[in-house]
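The lines below spell out each chain.
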Amino acid sequence: MDPIEREIRYESDRDPTFADEIRAMPGCELMDRCIQCATCSGICPMSDAMELTPRRIIELTRNGFKNDVLRANTIWLCTSCYQCQVECPKKIGITDIMYALKSKAIESGAYGKKFTIPILAREFYAMVKANGRVSESRLVQRLFMKTQPTRFLGMGRLGMKLMKTGRFSNKVERMRNPEGLRRALEALPTDGRKRS
Ligand code: SF4
Ligand code: SF4
């Protein structure tokens, strides 16, 4: 049975260091204050579609159930609207925790393969790092190639038509000197922690 679906969890499912890793990330420090009131789940515009509601994400995260939270679609459906964070009576950085979990999921490759968002995030970053700008059409092409290559090849004719009518461009947008931005990006920690 999928670990997300089952209600009973065992001590052996826990990762003993996971909660501490998340607590160490910016905005996640107050996770243990959660009183499980579910205000976050009630106010979240996406919770109906989430495999685990924000309340459950907080509970499972602080108890170290790494696989459950990193494999849930919740972290990818979060739109970063911050409503839960604003309304939380304990001022918990729920949106920041969602970001931290996304970052962990990308780092460990734990996300479900059906989710295109992590691939989009990676390609977006690579493009900004290389050119200083995003070329939307190129980004979409890369995303399709990595997620639905057969469908992408089938769309070749449509792409040519759109290009002829000027509604689609294959032009690469580039900053005059992306080197400074590249250095700044390389100086950032990749695990979401602040540099001391
Ligand atoms: S609103 Fe805050 S305290 Fe209430 S369940 Fe959500 S995270 Fe916990
Ligand atoms: S920030 Fe994410 S989890 Fe919080 S209410 Fe918005 S969509 Fe839901």
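Residues numbered from 1 in each chain as written. Chains lettered and ligands numbered in written order. Predicted model: local features only at pLDDT ≥ 70, side-chain atom pairs only at ≥ 80, totals over all residues.

1. Notes on the environment of cysteine 88
Threshold: The numbering of helices and of strands both runs from the N terminus, where a helix is a DSSP run of H or I of at least 4 residues and a strand a run of E of at least 2. Field definition: a residue is buried when 20 or more other C-beta atoms are found within 10 Å of its C-beta, exposed when 12 or fewer are, and partly exposed for counts in between, with C-beta atoms placed from the backbone. By the convention adopted here, residues make contact when the C-beta atoms placed from their backbones lie within 7 Å.
Summarising the element assignment, cysteine 88 is placed in the loop between helix H6 (83-87) and helix H7 (94-108). Under the C-beta neighbour-count criterion, cysteine 88 is labelled buried, with 22 such atoms within 10 Å. Considered as a pair, cysteine 88 and cysteine 34 are 54 residues apart in the sequence and their alpha carbons are 8.8 Å apart. What cysteine 88 contacts, discounting residues up to four positions off in sequence, is Thr39, Cys40 and Ile94.

2. A short note on helix H8 (residues 117-131)
Side chains that are three or four residues apart share a direction in an α-helix, a result of its 3.6 residues per turn. The condition that has to hold: In this scheme, a helix's expected span is set at 1.5 Å multiplied by one less than its residue total.
Here H8 is 15 residues long and its end C-alpha atoms lie 21 Å apart, about the 21 Å a rise of 1.5 Å per residue gives. Glycine 132 sits one or two positions beyond H8 and adopts a positive phi of about 80°.

3. Some thoughts on the confidence of the model for the chain
For clarity, the threshold we go by: Each residue carries a pLDDT value, the predictor's own confidence for that position, ranging from 0 to 100.
When pLDDT is averaged along the chain, the result is 88; 91% of the residues meet or exceed 70. Contacts from residues 192-196, a stretch scored under 50 in pLDDT, to residues over four places away or in other chains number 8 contacts.

4. Quick look at the site of ligand 2
Note the cut-off: By definition, a residue lies near a molecule or strand provided its backbone-derived C-beta atom is within 6 Å of it. We call Asp, Glu, Lys and Arg charged. Ala, Val, Leu, Ile, Met, Phe, Trp, Tyr, Cys and Pro are nonpolar, and the rest, Gly among them, are polar.
Near ligand 2 lie 15 residues; those nearest to it are Cys44, Cys78, Cys81, Cys84 and Thr95. Mapped by element, the contributors of at least two residues to the shell around ligand 2 are H6 and H7. For the shell around ligand 2, the element with the most residues is H7, which contributes 3 residues. Split into classes, the residues belonging to the shell around ligand 2 amount to 11 nonpolar, 4 polar and no charged.

5. Some details on the packing of H8 against helix H9 (residues 136-147)
Inclusion rule: Between N-to-C directions, angles span 0 to 180 degrees; the directions come from axes that are lines fitted to C-alpha atoms, helices contributing only their stretch in contact. Angles are sorted into four bins: roughly parallel if under 35 degrees, roughly antiparallel if over 145, roughly perpendicular if 65 to 115, and oblique for all others. Left-handed describes a crossing whose near helix is turned anticlockwise from the far helix through less than a right angle; right-handed describes the clockwise counterpart.
Orientation of H8 relative to H9, taken along the N-to-C sense of each, is 135°, at an axis distance of 10 Å. Here H9 runs oblique to H8, going by the angle between their axes. The way H8 lies across H9 gives a crossing that is right-handed. Touching Ile119, Leu120, Glu123, Phe124 and Met127 of H8 are Leu139, Arg142, Leu143, Lys146 and Thr147, all from H9. Partitioning the contact of H8 with H9 into residue classes produces 6 nonpolar, 1 polar and 3 charged.

6. Concerning the site of ligand 1
Around ligand 1, the surrounding shell holds 15 residues, and the nearest of these are Cys34, Cys37, Thr39, Cys40 and Cys88. Within the residue set of the shell around ligand 1, elements represented by two or more residues are helix H2 (39-43) and helix H3 (54-62). The element contributing the most residues to the shell around ligand 1 is H3, with 3 residues. Here the shell around ligand 1 is built from residues that sort into 11 nonpolar, 2 polar and 2 charged.

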